[in-house]
Amino acid sequence: MDSLSARSSPPPAATSPFSNPKPVELLKKVIFAWVQETGLPASICVRVHGKSFDLHRSPLISRSGYFKKALRASNAVELHQEFPGGPEAFEMAALFAYGSRLPLDPFNVAALRCAAELLEMTEDHGSGNLCEAADLYLNQVVLQSWDDTLIVLQTCHTLLPMAEELLIVSRCVESLAFMACMEILDPEQKRGRPVLPLRTFSDRPWDPEAVKELAGHDLWIKDLIALPFNFFARIIRSLRRQGMKEKYVSPVVVFYANKWVLSKKTHKFWEQEDGADHAANTNDKVSAILQAIVELLPIRRQDPDRNAEIVPVTFYFALLSMALSLNLSDGIRVNLQHCVACLLHLARVDDFLLPENRVLEDVAFSRELKAMEEIVTFRVAFKAAENAEVVAKLWDLYLCRVAGDPKLGTDRFMQLIHTVPVADRETHDHLYKAINAYLSAHPRLCNEDKARLCSSISCQKLSQEACIQAVLDELMPLRLIIQALFVQQLHTQRALKDCSESFRYMQCGVFSGSIPSSTCQLPKNQSPYDPEETTPVPLEDHLVQRSEHSEVEYESTRFRMQALEQELASLKHSLRRRNPFGQVSDCIGSLRWSSQRKYTNRMSKVFRRMSMLGKSKSKIKQRTSASGSLACRSKSLNEMYDC
């Protein structure tokens, strides 16, 4: 086989460049010579597709079983309307019957073989008949050349199903697959990588035109993706059957889908070709190819990372987006969603689907949002332990983009938040940003809904920066602000104590030369030379005990804050009363002096108790910034309930 990579011949034309002179001119000369030689007129009339041929009886019945039977009753024969190859193929068959040498070439051999089968020009009606001659040319000439085999396979598209029954298509498919395998195994190529590197498209959005340009680097791939899909799919299966590795086969499938499904230039070409009903016809073509492409893709749910090295997840996202726009069947859509779910941890948030017209009002009820929710749900259900924190982060970042839709209800947004379990979120920073974006887009949200949304946030999983931002965020409810203040103070206290203990450990290690205990002191009644020394407490155990103590303190403080909030709410409800004139007033000045003192004393006690939160067990002499923030928040709470 000549090297395919070095081939630079143009694509095959629709008509044969070798048929010169034309068969019709040769046939006229042969008939005239037969008349001159035998003196017999051409008494048989054969009509093919409206064209008439005046021929002699003897050559036809000597080579064709069909004419031997048909000419018994009449001298006029009209061949079937679907005669393979039309008048041109019959002219060559008649030439062969007259004993003339045939001008065979890759453009006419398939049609001539089908015509010979229909005319029964087999070995039963003469040795070396047309069927045998055409098969011999196919096997010994055509199937030895990549270009000739491609030409014959393309001409078979109009000769189905007869070309399939005569195994012309199968022979071409197997030959092309074999030569492609030889191209890959060619030692001169020294291929140690996939045919074409698709990994470069894993870190950027899928660009169909850039991928089409990449597909032209290997000419044998460019030839294969130009074939009709039924032939292409059979070649792909043959490549796998003959042992070609998946890293070489899958890119070919991707390039085919990119050209015929994802490329908008191809869609425009089809629309211009189809005429009036161009849009419907184009969608039907794309839908048929897309449904069949999904069956050819290498779906390996048990080994998604290896699959991602071959086909990037961005390609699956592009196919899914096209399937949604074409409104394909649920089976195709679900299959693609499962492919995406298996590779979701390798995706980027920019790959996640949003409506093509990125108008925020269209996001809440879009098919893209529903599809992404189903993808994450499937991923959580079947691969909960694998890269869960990565998937949770991607989902929270996606919610940040979706939260700005004014039509997105609170219940629906809560449902989206809980698509990923809270335990899978290693940090709640991105969840806080998503909820903050939602509150910004819904300024009229009631306090109950705000509190319900923010209950999903765990301040213990917020970073120091996110805690500070939450404290200063006016959109956040009171409970979250106080929790963030307390967590911030715990972080500061823990950092100071760890720093102090690390300093003491370092100073003690200078004298002992080993890892000291948590206190680095010996009991007063024990000598440093006493063999019965106490077992030192490891540093790790000491930190674990302190962490557990802080968590218990945090939970108890959270319940105390809830009680304080309820007491503030009851105070505010008591202040709301109707005055003697029938007017509603929230001002404390409308009460009697004794009542004013009672309510003022109760409120001051509440605020003092709230200000003491976070200070009860602090032994640091210097006041931290968190304590100052707590005092500021207490002052703001006082202003909230002050008339």
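Quick note: structure is the one above.
Criteria and thresholds
Residues numbered from 1 in each chain as written. Predicted model: local features only at pLDDT ≥ 70, side-chain atom pairs only at ≥ 80, totals over all residues. Heavy atoms only, no water. Helix = DSSP H or I, 4+ residues; strand = E, 2+ residues; numbered from the N terminus. Buried < 20%, exposed > 50% of the residue type's maximum accessible area, 1.4 Å probe, protein only. Contact = heavy atoms within 4.5 Å. Areas by Shrake-Rupley, 256 points an atom, 1.4 Å probe, with all protein chains shown as cover. Phe/Tyr/Trp six-rings, centres within 6.5 Å; stacked < 30°, edge-to-face > 60°. Axes fitted to C-alpha atoms, helices over the stretch in contact; angles between N-to-C directions. Parallel < 35°, antiparallel > 145°, perpendicular 65-115°, else oblique. Arc of directions from axis to C-beta. Polar contact = N/O pair within 3.5 Å; in protein donor to acceptor, adjacent residues only side chain to side chain. Disulfide = S-S within 2.5 Å. Pairing = 2+ DSSP bridges.

Participant: Could you give an account of the overall build of the chain, naming the residues involved and the relevant values?
Facilitator: Counting secondary structure elements, the chain contains 28 helices and five strands. Expressed as a percentage of the 643 residues in the chain, the buried residues total 45%. Long-range pairs, those at least 24 residues apart, make up 71% of the contacts in the chain with a sequence separation of at least 6. Here the chain displays about 34200 Å² of accessible surface, and carbon together with sulfur accounts for 53% of that area.

Participant: Tell me what's going on with the packing of aromatic side chains, and back it up with residues and numbers.
Facilitator: Here the distance between the centres and the angle between the planes together describe a pair of aromatic rings. For the structure shown, the criterion picks out 16 aromatic pairs. What links up through ring pairs into an aromatic cluster is the set Phe 53, Tyr 66, Phe 67, Phe 83 and Phe 90.

Participant: Describe the packing of helix α21 (residues 410-417) against helix α22 (residues 429-441), and please don't skip the residues or the numbers.
Facilitator: Put simply, α21 and α22 touch, their axes get as near as 12 Å, and they point 170° apart. Taken together, the axis directions place α21 and α22 in an arrangement best described as roughly antiparallel. Facing Thr 410, Phe 413 and Ile 417 of α21, the residues of α22 in contact are Leu 431, Ala 434, Ile 435 and Tyr 438.

Participant: Requested: an account of helix α10 (residues 208-215), with residues and values cited.
Facilitator: Those residues of α10 lying buried are Pro 208, Val 211, Leu 214 and Ala 215. Seen along its axis, α10 keeps its buried residues to an arc of 120°; they face one direction. Where the residues of α10 are buried, they touch α11 (219-224) and α13 (246-262).

Participant: Give me the side chain of Asp 135: which residues, what numbers.
Facilitator: Note that Asp 135 resides in helix α6 (residues 130-140). Separated by 3.3 Å, the side chains of Asp 135 and Arg 171 make a polar contact. Non-local contacts of Asp 135, meaning those with residues more than four positions away in its chain, are made with Arg 113 and Arg 171.

Participant: I'd love a proper account of the state of the cysteines, names of residues and values included.
Facilitator: When the sulfur atoms of two cysteines share a covalent bond, that bond is a disulfide. Summed over the entire model, instances satisfying the criterion amount to zero disulfides. For the unlinked cysteine Cys 114, the closest cysteine sulfur is that of Cys 156, found at 6.7 Å. By relative accessible area, which is 0% here, Cys 114 ends up buried. For the unlinked cysteine Cys 131, the closest cysteine sulfur is that of Cys 114, found at 9.8 Å.

Participant: Let's hear about the pairing of strand β2 (residues 51-55): which residues, and what values?
Facilitator: With five bridges joining them, strand β1 (residues 44-48) and β2 adopt antiparallel strand pairing. Each bridged residue has a counterpart across the sheet, and for Val 48 the counterpart in β2 is Lys 51. Remark: two residues form the turn of the hairpin made by β1 and β2, two consecutive strands paired antiparallel; His 49 in that turn has positive phi of roughly 55°.

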